[in-house]
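# Fold and contact review
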Amino acid sequence: MREFLLNSESVLDPEQVSYMNNDVQETLLPCRWIHFNDRIKLAFFPENCSPISMLLPQLTLDEVCQTAKNLLDEVMTLENIPAITLENMVWDMDAIYLMQETGALRLLYMPILPDEAVKNSGIYVRRIYALLEEMLERVEGGETIIRQIEYQKTQDMGNWNLLKETLDKRIPMQSETIRLIGMDKAVGMEFSIGTELFRIGSDENLSDAVLEDEDVGAVHVVIGWNDISFYVMALEHESGTWLNDTKLTPNTEIPIGAGSVIRVAGYSFLVEA
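Residues numbered from 1 in each chain as written. Predicted model: local features only at pLDDT ≥ 70, side-chain atom pairs only at ≥ 80, totals over all residues. Heavy atoms only, no water.

## Comments concerning the packing of helix α3 (residues 61–79) against helix α7 (residues 160–167)
A pair of packed helices can be characterised by two numbers: the angle between their axes and the separation between those axes. At a minimum axis distance of 9 Å, the contact between α3 and α7 shows a crossing angle of 175°. When the interaxial angle is binned, α3 and α7 end up roughly antiparallel. Here Cys65, Ala68, Lys69, Leu72, Asp73, Val75, Met76 and Glu79 of α3 come into contact with α7, specifically with Trp160, Asn161, Leu163, Lys164 and Leu167. (Axes fitted to C-alpha atoms, helices over the stretch in contact; angles between N-to-C directions. Helix = DSSP H or I, 4+ residues; strand = E, 2+ residues; numbered from the N terminus. Parallel < 35°, antiparallel > 145°, perpendicular 65-115°, else oblique. Contact = heavy atoms within 4.5 Å.)

So this is what it looks like as structure tokens:
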């Protein structure tokens with residue numbers, strides 16, 4: 001049993017408390033509350049289950065990723081229940097329990113309405129990302145998944161379905177390639193690029209694709225794979241590198257995919273996946 005003491009001024013929402021005590025509820029841990037010495041006492045009963053913080057050393061990376069996806073399923077369920085305020089969830093590993101027999105998740109919830117300014121703040125979204133990354137930090141190989149999560153945050157933070165796809169480990173295959181198809185001055189040029197770093201420049205000893213132009217640096221731009229996607233990275237040169245008519249900031253990895261156009265001096269290349 002875990003107990004919490006709350007100020008007597010805290011307002012318990014009867015709908016939330018009754019929801020938590022509902023026998024058919026399969027997401028939240030059973031909760032009982034009483035008044036004790038002018039305080040509100042909440043008792044949670046994690047019977048036949050253990051916090052994931054204790055279980056993580058026994059789990060493989062695949063099992064941790066599956067547990068994380070199951071957690072996101074529960075989050076999406078709770079988001080559709082008006083009686084639940086997700087800012088009141090306890091988003092840490094000591095508050096996420098796994099049933100010993102079934103592996104089902106049980107979560108802790110504090111049934112108190114926060115200030116209106118906090119109720120719909122979305123703070124819980126950041127807490128969920130931090131929780132998932134902390135889980136993955138404790139398992140071998142989790143670093144790659146964390147990098148994928150960080151990338152997903154920049155694309156569509158809070159899109160739980162997309163995050164679940166991210167948690168399906170994407171191991172780069174040696175056969176995975178993109179192609180650069182020459183346009184403009186580069187018509188007739190074509191390059192196949194795998195997961196090894198690919199260099200474009202004017203120095204034939206340093207570059208994989210040689211562009212003969214005084215406005216092209218010895219190694220002007222590189223294309224690589226970062227365990228998430230292919231990217232283009234411009235190096236320092238006064239003539240610059242362009243992606244889809246946008247000049248690139250040097251030494252910054254920018255994701256590319258089918259349809260992207262990379263331009264160096266008068267050379268343009270269409271990316272095909």
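Back to the write-up after that little detour.
## Details of helix α6 (residues 142–156)
In a regular helix each residue adds 1.5 Å, so 15 residues correspond to 21 Å; α6 covers 21 Å between its end C-alpha atoms and thus fits that length. Those residues of α6 that sit buried are Gly142, Ile145, Ile146, Gln148, Ile149 and Gln152. All buried residues of α6 project into a common sector of 160° when viewed along the axis, lining one side. What points out from α6, more than 90 degrees from its buried face, is the exposed set Glu143 and Thr154. Of the surrounding secondary structure, the elements contacted by the buried residues of α6 are α3, α5 (123–137) and α7. Of the residues flanking the end of α6, it is Gly158, one or two places downstream, whose phi is positive at about 90°. (Expected span 1.5 Å × (residues − 1). Buried < 20%, exposed > 50% of the residue type's maximum accessible area, 1.4 Å probe, protein only. Arc of directions from axis to C-beta.)

## A word on the pairing of strand β16 (residues 261–264)
Taking every second residue as pointing to the same face, the buried face of β16 carries Ile262 and Val264, while none of Val261 and Arg263 on the other face is buried. Relative to β16, strand β13 (residues 241–243) runs antiparallel, the two being bridged by three bridges. Across the sheet, Thr241 pairs through a bridge with Val264, a residue of β16. For β16 and strand β17 (residues 267–272), the ladder comprises four bridges, and the chain directions are antiparallel. By the bridge assignment for β17, Arg263 is matched with Ser268. Two successive antiparallel strands, β16 and β17, enclose a turn made up of two residues, where Ala265 displays a positive phi of approximately 55°. (Pairing = 2+ DSSP bridges.)

## Quick look at the packing of aromatic side chains
The full count for this structure, using the stated rule, is four aromatic pairs. Taking the centre distance of 5.0 Å and the plane angle of 65° together, the rings of Trp225 and Phe230 count as edge-to-face. Trp225 gets classed as buried once you look at its relative accessible area, which sits at 11%. Three or more aromatic residues joined by ring pairs form one cluster here, namely Phe191, Phe198 and Phe269. (Phe/Tyr/Trp six-rings, centres within 6.5 Å; stacked < 30°, edge-to-face > 60°.)

## Some details on the pairing of β17
In the case of a regular strand, side chains alternate between the two sheet surfaces. In this sheet, β17 lies alongside strand β7 (residues 178–184) in antiparallel orientation, the contact comprising six bridges. When the sheet's bridge partners are listed, Leu180 is paired in β17 with Val271.

## Quick notes on the packing of α6 against α7
Look at α6 against α7: their axes get within 9 Å of each other, and the N-to-C directions meet at 155°. With respect to α7, the element α6 is oriented roughly antiparallel. Judged by the twist between their axes, the crossing of α6 over α7 is right-handed. Across the interface between the two elements, Ile145, Gln148, Ile149, Gln152 and Asp156 from α6 touch Leu162, Leu163, Thr166 and Leu167 from α7. (Left-handed = near helix turned anticlockwise from the far one by under 90°.)

## Notes on the nonpolar core
Membership of the largest hydrophobic core comes to 40 residues, with the highest contact counts inside it found for Trp91, Leu132, Met135, Leu136 and Trp160. Counting residues per element, this core draws most heavily on α3, which supplies nine residues. Contact partners of Met135, with chain neighbours within four places excluded, come to Ile52, Leu56, Val64, Thr67, Ala68 and Met93. In this structure, Leu180, Ala209, Trp225 and Ile256 belong to the second largest nonpolar core, which totals 24 residues. (Core = buried A, V, L, I, M, F, W, Y, C linked by side-chain atoms within 4.5 Å.)

## A few points about unusual backbone geometry
Keep in mind that most residues, glycine aside, have a negative phi and that most peptide bonds are trans. Unlike most non-glycine residues, Asn244 shows phi in positive territory, near 50°. Residue placement: Asn244 occurs in the loop between β13 and β14 (246–247). At Ala265, a residue that is not glycine, the phi angle is positive and equals roughly 55°. Topologically, Ala265 is positioned in the loop between β16 and β17.

## Observations concerning α3
Taking 1.5 Å as the rise per residue, α3 with 19 residues should run 27 Å; its terminal C-alpha atoms sit 27 Å apart, in good agreement. What α3 keeps buried is the set Leu61, Val64, Cys65, Thr67, Ala68, Lys69, Leu71, Leu72, Glu74, Val75, Met76 and Leu78. The elements touched by buried residues of α3 are β5 (96–99), β6 (105–107), α5, α6 and α7.

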